[in-house]
Amino acid sequence: MPTLNKIRTAVFPGTHRAPDAPALRILRARLTVFFALDGFLFAGWVVRIPAIKERTGASAGTLGLALLGVSAGAVATMMITGRLCRRFGSHPVTVASAVLMSLGIALPPLAGSALALGLVLLVFGAAYGGLNVAMNSAAVDLVTALRRPVMPSFHAAFSVGGMLGAGLGGLVAGQVPVTAHLLLLTALGLAVSAAAGRGLLAHPVPERERPAAAAARSSRPAGRLVALFGVIALCTAYGEGALADWSALHLQQDLAAPAGVAAVGYSVFALAMTVGRLAGSSLLARLGQTRVLVAGGATAAAGMLLGALAPTVWAALAGFAVTGLGLANVFPVAVGRAGELAGPSGVAAASTFGYGGMLLGPPAIGFLAEAYTLPVALTTVAALAATAAGLAYGARRVVQ
């Protein structure tokens with residue numbers, strides 16, 4: 001397997017002028033803010049779903065259908081966003097999507113029915129999907145210009161933003177009306193988008209020639225490689241979606257955990273994932289992409305087997321933590337590699353695969369739990385994590 005220094009020499013040949021380091025540092029800081037804002041806004045919306053349900057008078061079933069609006073809007077716009085990024089640039093599309101997401105988060109309290117809620121969530125979901133593709137495309141360009149594997153740090157910012165958004169939402173949920181809370185998030189989102197967006201738009205990433213390593217592989221069908229990294233993203237996002245919806249129930253139903261302890265299950269997973277992503281850049285610099293993908297998938301598989309089949313609550317929580325550490329950097333690396341291969345279109349394709357996996361996880365676990373048991377159903381998370389590791393190992397000659 002090539003060493004990181006050889007890779008850098010191939011990807012960043014010496015004939016190129018060194019990029020403006022201060023400008024790139026500014027770009028990195030601004031882009032990190034957008035990743036954190038994305039997680040903050042989305043988590044702020046999620047924690048107020050019960051209040052929206054009460055406000056609309058929707059049943060659990062109709063609410064579930066309405067919530068599909070977020071997914072439908074996101075998936076529908078991801079591939080379109082790839083084309084918009086190629087035409088207008090990823091930075092303007094990132095700022096525009098963040099503004100639209102900030103405005104869209106204020107719409108759900110205005111819906112008077114489940115149908116109206118589903119329609120306004122199409123707008124929110126479209127902005128969410130567009131922002132994810134645009135900012136990941138911008139991150140891929142920036143990673144190339146920085147010549148350092150810092151992609152996981154951006155996703156760590158998303159995780160931190162999510163925890164802050166969920167924490168704030170939990171604090172105000174019983175005291176502040178949902179309309180006022182989400183309007184506050186709109187104001188914060190617009191202010192942050194304006195402040196960080198100016199720096200992002202004023203300092204575009206220097207355009208670079210096509211990397212030599214990629215040119216050497218031009219005979220290989222890039223579409224197949226992008227699809228492979230998309231499947232790796234799907235396998236890992238499946239686990240994130242499954243744990244978000246089923247970890248608490250598993251702890252409470254199968255291991256007799258108190259409600260308070262059961263609620264900690266996903267938090268343990270999310271915190272471990274954040275820690276793993278904060279360490280991700282160092283791991284990539286030391287181990288390279290292949291080892292990070294393979295070790296991450298294998299670690300997540302082992303952790304989820306423990307989490308699903310452990311006989312005690314604390315062992316299951318330990319398994320969730322190990323799973324979070326394992327999955328932490330697989331999705332960022334997969335999306336980043338797809339972007340290196342095919343630009344914004346590659347990011348869009350891999351993101352669509354990954355988002356599909358996150359959507360597939362919860363219902364698939366539910367069907368399997370009904371047919372077998374919930375612990376057995378949760379082992380599919382381990383199976384798909386192992387599949388991701390196997391795919392990455394099989395593609396080790398192109399995952400550098």
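Residues numbered from 1 in each chain as written. Predicted model: local features only at pLDDT ≥ 70, side-chain atom pairs only at ≥ 80, totals over all residues. Heavy atoms only, no water.

Draft legend 1. Molecular detail of the overall build of the protein chain. Counting its secondary structure elements, the protein chain contains 15 helices and zero strands. In the protein chain, which comprises 400 residues, the proportion classed as buried is 50%. In the protein chain, the share of contacts with a sequence separation of at least 24, taken over all contacts with a separation of at least 6, comes to 85%. For the protein chain, the computed accessible surface area is about 16,800 Å², with 67% contributed by carbon and sulfur atoms. (Helix = DSSP H or I, 4+ residues; strand = E, 2+ residues; numbered from the N terminus. Buried < 20%, exposed > 50% of the residue type's maximum accessible area, 1.4 Å probe, protein only. Contact = heavy atoms within 4.5 Å. Areas by Shrake-Rupley, 256 points an atom, 1.4 Å probe, with all protein chains shown as cover.)

Draft legend 2. Here's a closer look at the pattern of salt bridges. A full pass over the atoms with the stated rule returns one salt bridge. With a shortest N-O distance of 2.9 Å, Glu340 and Arg337 are connected by a salt bridge. One end of the pair, Glu340, and the other, Arg337, are both in helix H14 (residues 330-371), three residues apart, so they sit about a helical turn from each other. (Salt bridge = Lys/Arg side-chain N within 4 Å of Asp/Glu carboxyl O.)

Draft legend 3. Expanded view of helix H11 (residues 259-278). For H11, with 20 residues, the first-to-last C-alpha span of 30 Å sits near the 28 Å given by 1.5 Å per residue. Maximum bend of H11: about 30°, positioned at Gly265. Residues Ala262, Gly265, Phe269, Ala270, Ala272, Met273, Thr274, Gly276 and Arg277 constitute the buried set of H11. Those residues of H11 that are buried lie in contact with helix H7 (151-172), helix H10 (222-255), helix H12 (280-309), helix H13 (313-327) and H14. (Expected span 1.5 Å × (residues − 1). Bend = angle between axes of the 7 residues up to and from the residue.)

Draft legend 4. Quick peek at the environment of Trp45. When you line up the elements, Trp45 lands in helix H2 (residues 21-46). A C-alpha to C-alpha distance of 6.8 Å links Trp45 and Ile105, two positions 60 residues apart in sequence. Leaving out residues up to four positions away in the same chain, Trp45 has contacts with Ile52, Leu67, Val70, Ile105, Pro108, Leu121, Phe124 and Leu182.

Draft legend 5. Structural view of the packing of H2 against helix H6 (residues 114-146). Orientation of H2 relative to H6, taken along the N-to-C sense of each, is 155°, at an axis distance of 10 Å. Taken together, the axis directions place H2 and H6 in an arrangement best described as roughly antiparallel. As for how H2 packs across H6, the hand of that crossing is left-handed. Residues Leu24, Leu27, Arg28, Leu31, Phe34, Phe35, Asp38, Phe42 and Trp45 of H2 lie in contact with H6, whose contacting residues are Leu121, Phe124, Tyr128, Leu131, Asn132, Met135, Asn136, Ala138, Ala139, Leu142, Ala145 and Leu146. Each residue belonging to the contact of H2 with H6 can be placed in one class, and the counts come to 17 nonpolar, two polar and two charged. (Axes fitted to C-alpha atoms, helices over the stretch in contact; angles between N-to-C directions. Parallel < 35°, antiparallel > 145°, perpendicular 65-115°, else oblique. Left-handed = near helix turned anticlockwise from the far one by under 90°. Nonpolar A, V, L, I, M, F, W, Y, C, P; charged D, E, K, R; others polar.)

Draft legend 6. Seen up close, unusual backbone geometry. Of note, Arg147 is a non-glycine position whose phi angle comes to about 65°, a positive value. Here Arg147 lies in the loop between H6 and H7. Given the relative accessible area of 26%, Arg147 is considered partly exposed. In this model, Ala256 sits at a positive phi of 60°, which is unusual for a non-glycine residue. Secondary-structure assignment places Ala256 in the loop between H10 and H11.

Draft legend 7. Region of the structure containing the packing of H7 against H14. Where H7 contacts H14, the two axes come as close as 9 Å, and the packing angle between them is 125°. With respect to their mutual orientation, H7 and H14 come out oblique. By crossing handedness, the relation of H7 to H14 is classed as right-handed. Where H7 abuts H14, its residues Met151, Pro152 and His155 lie against Phe331, Pro332 and Gly336.

Draft legend 8. Molecular detail of a nonpolar patch on the surface. Where nonpolar side chains cluster on the molecular surface, the patch consists of Val160, Met163, Leu164, Leu271, Val275 and Leu325 and spans about 500 Å² of accessible area. Residue assignment for the nonpolar patch shows that the elements contributing at least two residues are H7 and H11. With three residues, H7 is the single largest residue contributor to the nonpolar patch. As for its position among the elements, Val275 is in helix H11. Accessibility expressed as a relative area gives 44% for Val275, which makes it partly exposed. (Patch = residues over 30% accessible without salt bridge, like charges linked within 9 Å, V, L, I, M, F, W, Y side chains within 5 Å.)

Draft legend 9. View of the nonpolar core. Membership of the largest hydrophobic core comes to 67 residues, with the highest contact counts inside it found for Leu31, Trp45 and Phe154. When residues of this core are assigned to their parent elements, the largest contribution, 15 residues, is made by H6. If you look at the next biggest cluster of nonpolar residues, it comprises 30 residues, including Ala242, Ala262, Ala364 and Leu374. (Core = buried A, V, L, I, M, F, W, Y, C linked by side-chain atoms within 4.5 Å.)

Draft legend 10. The side chain of His155, seen in detail. The residue His155 is located in helix H7 in this model. When residues no more than four places from it in sequence are discounted, the contact partners of His155 are Phe35, Asn136, Arg277, Phe331 and Pro332.

Draft legend 11. Structural context of the packing of aromatic side chains. The final tally for this structure, using the stated rule, is five aromatic pairs. Ring centres of Phe35 and Phe154 lie 5.3 Å apart, and the angle between their planes is 25°; on these two criteria the pair is classed as stacked. Remark: Phe154 occurs in helix H7 and Phe35 occurs in helix H2; sequence separation between them is 119 residues. Note on accessibility: Phe35 and Phe154 belong to one class, buried. (Phe/Tyr/Trp six-rings, centres within 6.5 Å; stacked < 30°, edge-to-face > 60°.)

Draft legend 12. Just the confidence of the model for the protein chain, in detail. Of all residues in the protein chain, 90% have pLDDT values of 70 or greater, and the mean over the chain is 84. Segment residues 1-18 is flagged for pLDDT under 50; beyond a separation of four residues in sequence, or across chains, it makes 24 contacts in the model. (pLDDT = per-residue confidence, 0-100.)

Draft legend 13. Inspection of the environment of Leu391 at higher detail. You can see Leu391 is positioned in helix H15 (residues 374-394). Measuring from C-alpha to C-alpha, the distance between Leu391 and Leu228 comes to 7.5 Å, with 163 residues separating the pair along the chain. Those residues in contact with Leu391 that lie beyond four places of it in its chain are Leu228, Val231 and Ile232.

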